[in-house]
Amino acid sequence: MLEEDQSLAGLICGHLESAGYRVALFSTAATALLEAERQMPALFILETMLPGEGGLEVCRKIRSNGLLAGIPVIFVTVRSAEADRILGLDAGADDYITKPFSPRELVARINAILRRSEMLPKPESLTVGDLTIDLELMSVNAAGRSVLLTVSEFRLLKFLMQHPGRAFTREQIVQMVWPQSRYVSPRAVDVCVRRIRTKIEANPQMPRHVLGIRGIGYRLSKS
């Protein structure tokens, strides 16, 4: 949550925690987005009138971020004019609540948004270039060949295919692919990538799907 009014932030946190949610409060957009990429939140709560970057710009950044774009956003703000509400929704917000408001209503709206997001149809397969994975059967097809991957290999490839063209550090991959594990090291990502390459690449020594980015990590080619 990004909220300048600390007393209101405390009130919102109290109600959300009583409803069973875990809330993280941030003072700057940069810190909030960085932490969101490390541990994906279920929802963002933003104030439009933030110091430095405004909430509208933060919302646009979320919507243009391949990793965060699908996360719901709610604005909580004093700006109540119709033009302000339209700007907020046009920026990509899922809901717009004006102050003063009932914290219980905010909790109810969050519950409704999260229920709707869970009901959205999930894609049955992903295709990037000549790679296709079936998310239900956990099967992989590479250039017309059926490929058998382990669970870890499938999860890593699936993650990269969900964000084609975007580079991720090894640490980010560990956080997103194995979030509950304390035993997966960043270097284990290299081992997993090598195994994937031997199975999906025509020439694993010259990969054209899972590409290494020097000093950063890996990305999946869009073609």
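Quick caveat: nothing in here was measured; it's all calculated off a predicted structure.

Some remarks on the overall build of the protein
Okay, step 1: Check the secondary structure of the protein and you find eight helices and 10 strands.
Okay, step 2: Principal axes of the C-alpha set define a box for the protein whose edges measure 60 × 35 × 30 Å.
Okay, step 3: When the accessible surface of the protein is summed, it comes to about 12500 Å², and 53% of that surface belongs to carbon and sulfur atoms.
Okay, step 4: The distance from the centre of the 28 positive side-chain charges to the centre of the 24 negative ones in the protein is 8 Å.

Re the side chain of Arg-197
Okay, step 1: Turning to its location among the elements, Arg-197 is positioned in helix H8 (residues 186-200).
Okay, step 2: For the buried Arg-197, which has no salt bridge, the nearest side chain bearing the opposite charge is Glu-201, at an N-O separation of 5.1 Å.
Okay, step 3: Every residue in contact with Arg-197, bar those within four places of it in the chain, is listed here: Pro-204, Pro-207, Val-210, Leu-211, Gly-212 and Tyr-218.

Quick notes on the pattern of salt bridges
Okay, step 1: Counted under the stated rule, the structure contains 11 salt bridges.
Okay, step 2: In this structure, Asp-84 and Arg-79 form a salt bridge, with 3.9 Å as the shortest nitrogen-oxygen distance.
Okay, step 3: On the accessibility criterion, Arg-79 (38% relative accessible area) is partly exposed.
Okay, step 4: Connected through salt bridges with shared partners, the residues Asp-95, Glu-105 and Arg-109 form a single ionic network.

Regarding the nonpolar core
Across soluble globular proteins, nonpolar side chains have a tendency to be buried as a group.
Okay, step 1: Counting 47 residues, the largest nonpolar core has Leu-46, Leu-156, Leu-157, Ile-173 and Val-210 as its most contacted members.
Okay, step 2: Leaving out residues up to four positions away in the same chain, Leu-46 has contacts with Leu-2, Gly-55, Val-58, Cys-59, Ile-62, Val-73, Ile-74, Phe-75 and Val-76.
Okay, step 3: Of all hydrophobic cores here, the second largest spans 17 residues; its members include Met-1, Leu-8, Ile-12 and Phe-101.

Some thoughts on the packing of helix H6 (residues 151-162) against helix H7 (residues 170-177)
Okay, step 1: Relative orientation of the contacting elements H6 and H7 amounts to 110°, with a least axis distance of 10 Å. Comparing the axis directions of H6 and H7 gives the class roughly perpendicular. Here H6 and H7 pass one another in a crossing that is right-handed. Where H6 abuts H7, its residues Arg-155, Leu-156 and Phe-159 lie against Ile-173, Met-176 and Val-177.

Digging into the sheet that holds strand E2 (residues 73-77)
Okay, step 1: Pairing is parallel in the open sheet, where three strands are placed in the order E1-E2-E3. The sheet is open, and its two edges are formed by strand E1 (44-46) and strand E3 (95-98), each paired on a single side. Each strand of the sheet is rotated relative to its neighbour by a mean of 20°, with strand direction disregarded.
Okay, step 2: Note that E1 and E2 share three bridges and pair parallel. Bridge pairing in E2 links Leu-46 to Phe-75.

Re the packing of aromatic side chains
Okay, step 1: Inspection of the entire model under this criterion finds two aromatic pairs.
Okay, step 2: Their ring planes at 55° and their centres at 4.7 Å tell us that Phe-159 and Phe-168 sit as a pair that is tilted. You'll find Phe-159 and Phe-168 in the same group, each marked buried.

What to know about the environment of Ala-30
Okay, step 1: You can see Ala-30 is positioned in helix H2 (residues 29-38).
Okay, step 2: Each C-alpha atom of the pair Ala-30 and Ile-110 lies 23 Å from the other, and the pair is 80 residues apart in sequence.

Criteria and cut-off values
- Residues numbered from 1 in each chain as written.
- Predicted model: local features only at pLDDT ≥ 70, side-chain atom pairs only at ≥ 80, totals over all residues.
- Heavy atoms only, no water.
- Helix = DSSP H or I, 4+ residues; strand = E, 2+ residues; numbered from the N terminus.
- Areas by Shrake-Rupley, 256 points an atom, 1.4 Å probe, with all protein chains shown as cover.
- Lys, Arg positive; Asp, Glu negative; His and termini not counted.
- Charge placed at Lys NZ, Arg CZ, Asp CG, Glu CD.
- Buried < 20%, exposed > 50% of the residue type's maximum accessible area, 1.4 Å probe, protein only.
- Salt bridge = Lys/Arg side-chain N within 4 Å of Asp/Glu carboxyl O.
- Contact = heavy atoms within 4.5 Å.
- Core = buried A, V, L, I, M, F, W, Y, C linked by side-chain atoms within 4.5 Å.
- Axes fitted to C-alpha atoms, helices over the stretch in contact; angles between N-to-C directions.
- Parallel < 35°, antiparallel > 145°, perpendicular 65-115°, else oblique.
- Left-handed = near helix turned anticlockwise from the far one by under 90°.
- Pairing = 2+ DSSP bridges.
- Phe/Tyr/Trp six-rings, centres within 6.5 Å; stacked < 30°, edge-to-face > 60°.

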